[in-house]
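The residues making up each chain are set out below.
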Amino acid sequence: MARALKYVIQLAAVGAIYFFLARCCRELASTYPTATAIWPPAGFALAAVLLGGYRVVPAIFAAAYFMNDASSVPTHVAVATAAGNAFEAFAGGLLVNWWAGGRNAFATPGRVAKFVLIAVITATISASMSSSVDVGVGASGRIEQVDWEKLIAIWFPRWLGDLTAVLMITPPLILWVTERPRSFDLPLLLESTAIFAAAGALGAIAFSPLAASLPSAAPLAVFAMLPPIWAALRRGPRDTATAALILFGFAAWGTIFGGGPLAWSAHEGTPTLILVFVIGIAMPSLCLAVDAERRKHTESVLRDTRTELAQAREQFAQSQKMEAVGQLIGGVAHDFNNLLTVIVGNLNIVQRHLESLSEAPAERLRRVINNAMRGAERATTITKHLLAFSRKQPHDPRPLNVGELIHGLSDFLRRTLGETITFDIIAADGLWLAEADPVQLEAAILNLAVNARDAMNAGGKLTITTDNIRLDEGYCQQHKDLVAGPYVRITVSDTGTGMPKDVLERVFEPFFTTKGIGKGTGLGLAQVYGFVKQSGGHIEIDSEPGQGTTVMICLPALPGHVREEPAAEQKLRVGDAAPTILLVEDDHDVRAYLVEILRELHYRVLEAHDADSALGLIDRNDVRVDLLLADLVLPGMNGGQLAEEVKARQPEARVLFMTGYSRDAINSQWPTDPDVEVLHKPLMQDALERTLHATLNQAR
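Let us now look at the overall build of the chain. In terms of regular secondary structure, the chain is built from 20 helices and 12 strands. When each of the 700 residues of the chain is scored for burial, the buried share is 46%. Just so you have it, the chain exposes about 36000 Å², and 58% of that area is on carbon and sulfur atoms.

Working definition: two side chains of opposite charge can pair if their charged atoms are close together. In this structure the tally under the stated criterion is 9 salt bridges. One salt bridge in this structure joins aspartate 467 and arginine 489, with 2.6 Å as the shortest N-O distance. With aspartate 467 in strand β4 (residues 460-471) and arginine 489 in strand β5 (residues 485-494), the pair connects residues that are 22 residues apart, well separated along the chain. Classification of aspartate 467 as buried rests on a relative accessible area of 18%. Two residues, glutamate 645 and arginine 649, come together in a salt bridge whose shortest N-O distance is 3.1 Å. With glutamate 645 and arginine 649 both in helix α19 (residues 639-649) and 4 residues apart, this pair spans about one turn of that helix. Among the residues examined, arginine 649 registers a relative accessible area of 36% and is labelled partly exposed.

What follows covers the sheet that holds strand β11 (residues 654-659). Strand order in the open sheet formed by 5 strands is β9-β8-β10-β11-β12, with parallel pairing between adjacent strands. Strand pairing shows two members of the sheet lacking a second neighbour, β9 (604-608) and β12 (678-680), which therefore form its edges. When the angles between neighbouring strand axes are averaged without regard to direction, this sheet yields 20 degrees. Sheet topology places strand β10 (residues 627-631) next to β11; 5 bridges connect them, and they run parallel. Looking at β11, one finds that leucine 628 is bridged to valine 655. Running over the sheet, helix α17 (residues 588-600) touches β8 (580-584), β9, β10 and β11 and is turned about 170 degrees from β9. Here helix α20 (residues 685-696) sits on the sheet and contacts β8, β10, β11 and β12; the angle it forms with β11, its principal contact strand, is near 155 degrees.

With that settled, the discussion passes to unusual backbone geometry. You will see that histidine 602, though not glycine, has its phi angle at about 70 degrees, which is positive. A residue is classified by how much of its surface remains accessible, and histidine 602, at 63% relative accessible area, is exposed.

Below, the discussion takes up the side chain of threonine 549. Note on placement: threonine 549 falls in strand β7 (residues 549-558). The buried category is assigned to threonine 549, whose relative accessible area is 10%. Beyond its immediate chain neighbours, meaning those up to four positions away, threonine 549 contacts Val492, Ser493, Asp494, Gly498, Met499, Ile541, Asp542 and Ser543.

It is worth spelling out the pairing of β7 at this point. Within β7, 8 of the 10 residues are buried, which leaves it mostly tucked inside the rest of the structure. With 2 bridges joining them, strand β3 (residues 433-436) and β7 adopt antiparallel strand pairing. Within β7, the residue paired with alanine 434 across the bridge is alanine 557. Bridge count for β5 against β7 is 8 bridges, and the pairing is antiparallel. When the bridges of β7 are listed, threonine 491 appears paired with methionine 552. Judged from the 6 bridges that link them, strand β6 (residues 538-543) and β7 form a sheet pairing that is antiparallel. When the bridges of β7 are listed, histidine 538 appears paired with cysteine 554.

In total, this model carries 6 aromatic pairs according to the counting rule given. A ring pair is formed by phenylalanine 87 and phenylalanine 90, whose centres lie 6.4 Å apart and whose planes are at 35 degrees; its orientation type is tilted. Separated by 3 residues within a single helix, phenylalanine 87 and phenylalanine 90 lie in helix α4 (residues 75-99), roughly one turn from each other. The exposure class assigned to phenylalanine 90 is partly exposed, which follows from its relative accessible area of 30%. An aromatic cluster of three or more residues is present, and its members are Tyr54, Phe87 and Phe90. The ring centre of tryptophan 176 lies 4.7 Å from the NZ or CZ of arginine 238, which sits over that ring.

What follows concerns helix α18 (residues 611-621). Of all the positions in α18, only Ala611, Ala614, Leu615, Gly616, Leu617 and Ile618 are classed as buried. Residues of α18 that are buried sit in contact with β8, β9 and α19. Phi turns positive one or two residues past the end of α18, at aspartate 622, with a value near 50 degrees.

Let us now look at the pairing of β11. The buried count for β11 comes to 6 of 6 residues, which makes it a mostly enclosed element. Residues Arg654, Leu656 and Met658 of β11 are buried on one face, and the alternating residues Val655, Phe657 and Thr659, pointing to the opposite face, are buried as well. Since β10 and β11 lie parallel, the crossover through α19 that links them has a hand, and here it is right-handed. When β11 meets β12, the two strands line up parallel, connected through 3 bridges. Residue pairing for β12: threonine 659 is matched across the bridge by histidine 680.

Our next topic: the packing of helix α12 (residues 402-417) against helix α13 (residues 438-454). Geometry of a packed helix pair, given as the angle between the helix axes and the separation of the axes. Here α12 crosses α13 at 40 degrees, and the two axes come no closer than 10 Å. Considered as vectors, α12 and α13 are oriented oblique to each other. Here the hand of the crossing between α12 and α13 comes out right-handed. Between α12, through Val402, Leu405, Ile406, Leu409, Phe412, Leu413, Thr416 and Leu417, and α13, the contact on the second element is made entirely by Pro438, Leu441, Glu442, Ile445, Leu446, Ala449, Val450 and Arg453. Residues of the contact of α12 with α13, tallied by class, amount to 13 nonpolar, 1 polar and 2 charged.

Before going further, it helps to spend a moment on the nonpolar core. Grouped together as the largest cluster of nonpolar side chains are 52 residues, with contacts concentrated most on Tyr18 and Phe106. When residues of this core are traced back to their parent elements, those giving at least two are α1 (2-31), α2 (40-52), α3 (57-69), α4, α5 (109-135), α6 (148-178), α9 (237-257) and α10 (270-354). Setting aside residues up to four positions removed in sequence, tyrosine 18 forms contacts with Trp39, Pro41, Phe44, Ala45, Ile60, Ala63, Ala64 and Asn85. With 41 residues, the next largest nonpolar core counts Leu400, Ile406, Val528 and Tyr529 among its residues.

In this section: the packing of helix α7 (residues 186-206) against helix α8 (residues 226-234). Two elements in contact, α7 and α8, have axes separated by 9 Å at closest approach and are oriented at 160 degrees. On the basis of the axis angle, α7 is roughly antiparallel to α8. Considering how the two elements wind past one another, α7 and α8 form a crossing that is left-handed. Seen from α7, the contacting residues are Glu191, Ala194, Ile195, Ala198, Ala199 and Leu202; seen from α8, they are Pro227, Trp230, Ala231 and Arg234.

This part takes up a nonpolar patch on the surface. Side chains of Trp98, Trp99, Leu117, Val120 and Ile121 sit close together on the surface and give an oily, nonpolar patch of about 510 Å² of accessible area. Every element with two or more residues in the nonpolar patch is listed here: α4 and α5. Among the elements that take part in the nonpolar patch, α5 stands out by supplying 3 residues, more than any other. Mapped onto the elements, isoleucine 121 comes out in helix α5. Judged by its relative accessible area of 44%, isoleucine 121 is partly exposed.

Criteria and thresholds
- Residues numbered from 1 in each chain as written.
- Predicted model: local features only at pLDDT ≥ 70, side-chain atom pairs only at ≥ 80, totals over all residues.
- Heavy atoms only, no water.
- Helix = DSSP H or I, 4+ residues; strand = E, 2+ residues; numbered from the N terminus.
- Buried < 20%, exposed > 50% of the residue type's maximum accessible area, 1.4 Å probe, protein only.
- Areas by Shrake-Rupley, 256 points an atom, 1.4 Å probe, with all protein chains shown as cover.
- Salt bridge = Lys/Arg side-chain N within 4 Å of Asp/Glu carboxyl O.
- Pairing = 2+ DSSP bridges.
- Axes fitted to C-alpha atoms, helices over the stretch in contact; angles between N-to-C directions.
- Contact = heavy atoms within 4.5 Å.
- Phe/Tyr/Trp six-rings, centres within 6.5 Å; stacked < 30°, edge-to-face > 60°.
- Lys NZ or Arg CZ within 6 Å of the ring centre and 35° of its normal.
- Right-handed = clockwise from strand over helix to strand, strands pointing away.
- Parallel < 35°, antiparallel > 145°, perpendicular 65-115°, else oblique.
- Left-handed = near helix turned anticlockwise from the far one by under 90°.
- Nonpolar A, V, L, I, M, F, W, Y, C, P; charged D, E, K, R; others polar.
- Core = buried A, V, L, I, M, F, W, Y, C linked by side-chain atoms within 4.5 Å.
- Patch = residues over 30% accessible without salt bridge, like charges linked within 9 Å, V, L, I, M, F, W, Y side chains within 5 Å.

Remember, this is a structural readout, not a statement about activity or role.
Put into structure tokens, the structure is as follows:
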């Protein structure tokens, strides 16, 4: 019912407007015969069909019929004239939609030219039908009896009236509907007003009866070109068509009422002069406006493209810089792991030996060693951060419920933030499982919370929000290594001091910090950045001075059911005889420390610095090896290849690897057997002891 009512109202509105225009023009023509050179209803009818569709054609036919029928003309004449008017609008709309782009007929100069040609063709339809009825074509039944001179004399003014109306009235109606002002802009509004005022002033001087007293007003028509050209270069097709219509209104005024340079009495060729005006000023100006608009659009697109290209270059340069720094840091951190294995391990040995002593010097040594141990542990943490930034930190992704993890951290985070900061968690329902390392995710959230706390010295609010999101191809193309698909988004927002743009551009750089000396290492956000990138996710940070900071982390999601199986516990079973361990490590200090630990744990140890030396020990001594403990990265033959050779000689031997690299960094050398465990440096004695027992006591 609503659609039917809307259609009825539309038909009634179109019919009423057409009837009113036609009635006024008919009354005007009866008083001023020269007014027949202009027929505005034709222009309105074509605009109504283009804007409202072909369903408004019946309203045009009905309005034209009632208007002609009210003029006391024969019924068949009224029907024929109404049919011609309606068919002219229908055919014009059909051709414009098919050939000139429909409502977008004024989008390119080529389409404007097509519109002019269509107007010439369709204006012929109504003029031919009404003129034929007036001279009796078809009623007499004989074509040779037609007064062709009379037919042409009637047909030409009507054709010219329809053509003029279509060219002058249809464009501004279409453009004002399809190009409505999107926002209020006072300078542009004032400029448009100035253009219309100039068009009115020049039209009054050059074309209206007011110019009748001027001795030679006709040359002033040249200045009438200025407002449309001004509008074409500055304000676009809509204002250009409007300025031309204002000028044409004054020209029509002078033509109908007399007195102007285009008055019928002044020139017998007045209709031709009007047509020349339309074609010579209005249509070229409209083409110029369209071309200028397209050029502005092209320049705007080019500017945007250049801006995007500059941003892409900047992002690429930043990515290259971060990648280079990451590679450097990854290599340095790997060497640090070997050094820390030696330092921390030997400190542990000293601590155990001092536990049996009670003298005062021993107590002092314990305090000194404990201080050294705390420093070594801090160095270990920094090294992990460095590896995380370089995406070489040992990574253990697994299906993870981010909402549960954050709620589990809530008490700890509240204690960390303090009483002056309000903490809130907003979790979405039906949150997908994310694929990430839970330990590193906890560290990342803690880092962000600590940064937020430091930015809210006077108190504030920290909000952590989780929800599901899908990143499309268009977004992912703007960010390197990001794949379109489902993600779990974690948004951390604070009401702190915020950051200026120059600081925001560097927040992910390692060792960059805005805190005072001794208050921060500058590795917190670098670790978060590395963790997110290593997880295949994306991180963005938005901040303005005084407006707080928002960090958005997107982690790859695993939609649907993902089963999480707890690891089976293994019982420790160690035989009576001391197992023999073949230790292969190319770093002398690390090897010496591990030999000390293994012997302290009562293992028999054979040590070698590379694979060839290890195989030589087995072959020469004819010794049974219970377990091969080897570094994955060795000079010459790597750890995996060495394990294959040892297993070929002694199939019962167990294998345990160690490395300071992540799987991503040495994926080609990583063991493919899921039962083979890999220890990550730096190696602590407790973890090493547990893993050795578990590996040696595995069911064969």
